[in-house]
Amino acid sequence: MWNVQGNTPLQKAQNIARLKKSFESLRGCIAGLLHLEIGADTSGVDYACDVVLYSEFETQAALDDYAVHPEHLRVKRELLDIRTARHQVDYECLASMPSRRTA
């Protein structure tokens, strides 16, 4: 999740579009990257981040490889000057959840 620079709503929107375009360029470039989605905040609340990246990887090793992949490092360099804050959560999803039974 990021907050991006922008003194006006237009500048912020342009930076969000730049971030989105940069990350979307990674689709199909990195082995093990199964899904990549960029979402811009629509809530408008003052404590929300501006943008979130949601991604899924085939394995933990694929995520580890992504972190040091040259294309990912390119995107990080491209966006360094527009972010004002960055937050990250990596977690492992359980492949199957037990079904809930109701009486």
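First things first, this report covers the structure right here in the doc. (Residues numbered from 1 in each chain as written. Predicted model: local features only at pLDDT ≥ 70, side-chain atom pairs only at ≥ 80, totals over all residues. Heavy atoms only, no water.)

Some points on the layout of surface pockets
Put simply, the rule is: Cavities and pockets are defined on a 1 Å grid built over the protein atoms alone: a cavity is a set of grid points where a 1.4 Å probe fits but cannot escape, while a pocket is an open set with protein on both sides within 12 Å along at least five of seven lines, and lining residues are those with an atom within 4 Å of any such point. Grid points are joined across faces, edges and corners, and a volume is the space filled by probe spheres set on the points. Helix numbers and strand numbers start at the N terminus; a helix is a DSSP run of H or I with at least 4 residues, a strand a run of E with at least 2. Charged means Asp, Glu, Lys or Arg here, nonpolar means Ala, Val, Leu, Ile, Met, Phe, Trp, Tyr, Cys or Pro, and polar covers whatever is left, Gly included.
Within this model, the largest pocket holds a volume of roughly 980 Å³. Around the largest pocket, the lining is made up of 31 residues, and of these Ser55, Phe57, Leu63, Val89 and Asp90 lie nearest the centre. At the level of secondary structure, the elements contributing two or more residues to the lining of the largest pocket comprise helix 1 (9-24), strand 3 (51-57), helix 2 (60-68), helix 3 (70-79) and strand 4 (83-86). If you tally residues by element for the lining of the largest pocket, the top one is strand 3, at six residues. Considering only residue class, the lining of the largest pocket consists of 17 nonpolar, six polar and eight charged.

Brief notes about the packing of helix 1 against helix 3
As a reminder of what qualifies: Axes here mean lines fitted to C-alpha atoms, for a helix over just the part in contact, with angles spanning 0 to 180 degrees between N-to-C directions. When an angle is under 35 degrees it counts as roughly parallel; over 145 it counts as roughly antiparallel; between 65 and 115 it counts as roughly perpendicular; any other value is oblique. Residues count as neighbours in contact if any of their non-hydrogen atoms are within 4.5 Å of one another.
Their axes nearest at 9 Å, the elements helix 1 and helix 3 cross at an angle of 170 degrees. The orientation of helix 1 with respect to helix 3, classified from their angle, is roughly antiparallel. Between helix 1 and helix 3, the contacting residues are Arg18, Leu19, Ser22 and Phe23 on the first element and His72, Arg74, Val75, Glu78 and Leu79 on the second. Across the contact of helix 1 with helix 3, the residue classes tally to four nonpolar, two polar and three charged.

Things to note about the packing of aromatic side chains
Applicable threshold: For Phe, Tyr and Trp, where Trp contributes only its six-membered ring, two rings pair if their centres lie within 6.5 Å, and the inter-plane angle classes them as stacked under 30 degrees, edge-to-face over 60, or tilted in between. Throughout this description, buried means an accessible area under 20% of the type-specific maximum (1.4 Å probe, protein chains only), exposed means over 50%, and partly exposed covers the range between.
Following the criterion strictly, the structure yields two aromatic pairs and no others. Both rings, one in Trp2 and one in Phe23, keep their centres 5.2 Å apart while their planes meet at 40 degrees; by these two values the pair is tilted. Here Trp2, found in strand 1 (residues 2-4), pairs with Phe23, found in helix 1; they are 21 residues apart in sequence, far enough to count as distant. Note on accessibility: Trp2 and Phe23 belong to one class, buried. Seen from their ring centres, Phe57 and Tyr66 are 4.9 Å apart, and the 50 degrees between their planes marks the pair as tilted. Under the relative-accessibility criterion, Phe57 is labelled buried at 17%.

Section: helix 1
Put simply, the rule reads: Working rule for helices: expected span equals 1.5 Å times residues minus one. This arc describes the spread of directions from the helix axis toward the C-beta atoms.
In this model, helix 1 (16 residues) spans 22 Å end to end at C-alpha, consistent with the 22 Å of a helix rising 1.5 Å per residue. Within the sequence span of helix 1, burial applies to Asn15, Ile16, Leu19, Ser22 and Phe23. In an axial view of helix 1, the angular spread of the buried residues amounts to 130 degrees, which keeps them on one side of the axis. Seen from the open side of helix 1, the exposed residues pointing more than 90 degrees away from its buried face are Pro9, Leu10 and Lys21. Those residues of helix 1 hidden inside the fold are in contact with strand 1, strand 2 (33-40), strand 3, helix 2 and helix 3.

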